Amino acid sequence: MSGEVAGRDVDHDDDNDDDEKANAGLQLLEGHRVVVRADIDSLIAQGKVTLLSGGGSGHEPAQSGYVGHGMLSAVVCGDIFASPPPAAIFAALKAIASPAGTLVIVTNYTGDRLNFGIAVERAKAEGMKVAVVIVGDDCALPNTGNSAGRRGLAGTVLVHKLAGAKAELGCGLAEVFDTAFN
């Protein structure tokens, strides 16, 4: 993996390490609020598409609760109700960069669209293969044309699961994107 991940072996016999036991399949990207699958190196070595999402904290378990097998490869967490900064998103993209590509799943929140967009453009400029899908399905907000629109919080988990299943099967970036988009 191209990023520094602070992973530790989990001692399953020590009752004092409940947090590590509960999150044994996850790692943190040092210096950032980025949760990464512990087996990310294996995914990349197998040539699988990786998936990244994220957003402001305060909506848990979205998005960090969806990192794992058949779901997201990593998630970037912002402050409470604030989009993560582009630098953290870019660090996550570097950490999970796969030759098969990375699909970035973004909720239709103005800050997320801007910050993920900046990071994705930087990643593409550095030669990474990246595609983006914006999810805007939220039926709680009327589509009046006077606002940013529907945020996509509810349906994003379905996109994570559908795209994650395709990626886990070894489908290419175009097919994973088409599944997420359609």
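Residues numbered from 1 in each chain as written. Predicted model: local features only at pLDDT ≥ 70, side-chain atom pairs only at ≥ 80, totals over all residues. Heavy atoms only, no water.

S.K.: Explain the pairing of strand S4 (residues 50–57) residue by residue, including any values.
M.R.: Among the eight residues of S4, eight are classified as buried, and the element is accordingly described as predominantly covered. Judged from the three bridges that link them, S4 and strand S6 (residues 102–107) form a sheet pairing that is parallel. Bridged to Leu52 within S6 is Val104. As paired elements, S4 and strand S5 (residues 74–80) share five bridges and run parallel to each other. Paired with Ser53 across the strands is Val75, a residue of S5. (Buried < 20%, exposed > 50% of the residue type's maximum accessible area, 1.4 Å probe, protein only. Helix = DSSP H or I, 4+ residues; strand = E, 2+ residues; numbered from the N terminus. Pairing = 2+ DSSP bridges.)

S.K.: Please set out unusual backbone geometry residue by residue, giving values where relevant.
M.R.: In the Ramachandran plot, Phe81 falls in the positive-phi region, its phi being about 55° despite a non-glycine side chain. Turning to its location among the elements, Phe81 is positioned in the loop between S5 and helix H3 (86–95).

S.K.: Break down the side chain of Lys48 for me, with residues and values.
M.R.: Structurally, the position occupied by Lys48 is in the loop between helix H2 (40–45) and S4. Using a relative accessible area of 14% as the deciding quantity, one classes Lys48 as buried. A polar side-chain atom of Lys48 sits 2.8 Å from the main-chain carbonyl oxygen of Glu168. Lys48 has contacts with Leu43, Ser98, Ala100, Gly101, Ala167, Glu168 and Gly170, leaving out every residue within four places of it along the chain. (Polar contact = N/O pair within 3.5 Å; in protein donor to acceptor, adjacent residues only side chain to side chain. Contact = heavy atoms within 4.5 Å.)

S.K.: Would you mind going over the nonpolar core in detail, with residue names and values included?
M.R.: Within the largest apolar cluster, 25 residues are counted, with the highest numbers of intra-cluster contacts made by Leu52, Leu93 and Val104. Elements with a minimum of two residues in this core: strand S3 (34–37), H2, S5, H3, S6 and helix H4 (110–125). It is H3 that contributes the most residues to this core, seven residues altogether. Cys77, Val133, Cys171 and Ala180 belong to the second largest nonpolar core, which has 20 residues in total. (Core = buried A, V, L, I, M, F, W, Y, C linked by side-chain atoms within 4.5 Å.)

S.K.: I'd like a rundown of H4, residues and numbers included.
M.R.: A rise of 1.5 Å per residue sets the reference length of H4, with its 16 residues, at 22 Å; its end C-alpha atoms lie 22 Å apart and thus fit the reference within 8%. Considered for burial, the residues of H4 that qualify are Gly111, Asp112, Asn115, Phe116, Ala119, Val120 and Ala123. One face of H4 carries all of its buried residues, which in axial projection span an arc of 140°. Residues of H4 that are exposed and point over 90 degrees away from its buried face: Leu114, Glu121 and Ala125. (Expected span 1.5 Å × (residues − 1). Arc of directions from axis to C-beta.)

S.K.: Residue-level account of the confidence of the model for the chain, with values.
M.R.: When the pLDDT values of the chain are averaged, the result is 85; 78% of them are 70 or greater. When pLDDT is averaged over each helix and strand of the chain, the minimum, 50, is found for strand S1 (residues 5–6) and the maximum, 98, for H3. Contacts of residues 6–13 to residues separated by more than four positions or lying in other chains number eleven contacts, the stretch itself having pLDDT below 50. (pLDDT = per-residue confidence, 0-100.)

S.K.: Can you explain the pattern of salt bridges? Please cite residues and give values.
M.R.: Here the structure, examined in full by the defined rule, presents six salt bridges. Ionic pairing is found between Asp79 and Arg33, a salt bridge with its closest N-O pair at 2.3 Å. Here the residue Asp79 occupies a position in strand S5, and Arg33 occupies one in the loop between strand S2 (26–29) and S3, the gap between them amounting to 46 residues. Among the residues examined, Arg33 registers a relative accessible area of 48% and is labelled partly exposed. Glu168 is the salt-bridge partner of Lys48, the closest N and O atoms lying 3.6 Å from each other. Pair noted here: Lys48 is in the loop between H2 and S4 and Glu168 is in helix H5 (residues 153–169), with a separation of 120 residues, a long-range link. (Salt bridge = Lys/Arg side-chain N within 4 Å of Asp/Glu carboxyl O.)

S.K.: Just give me the short version of helix H6 (residues 173–181), but keep the residues and values in it.
M.R.: Listed as buried for H6 are Leu173, Val176 and Ala180. One side of H6 carries all its buried residues, which in axial view fall inside an arc of 65°. For H6, exposure combined with an orientation more than 90 degrees from the buried face picks out Ala174 and Phe181.

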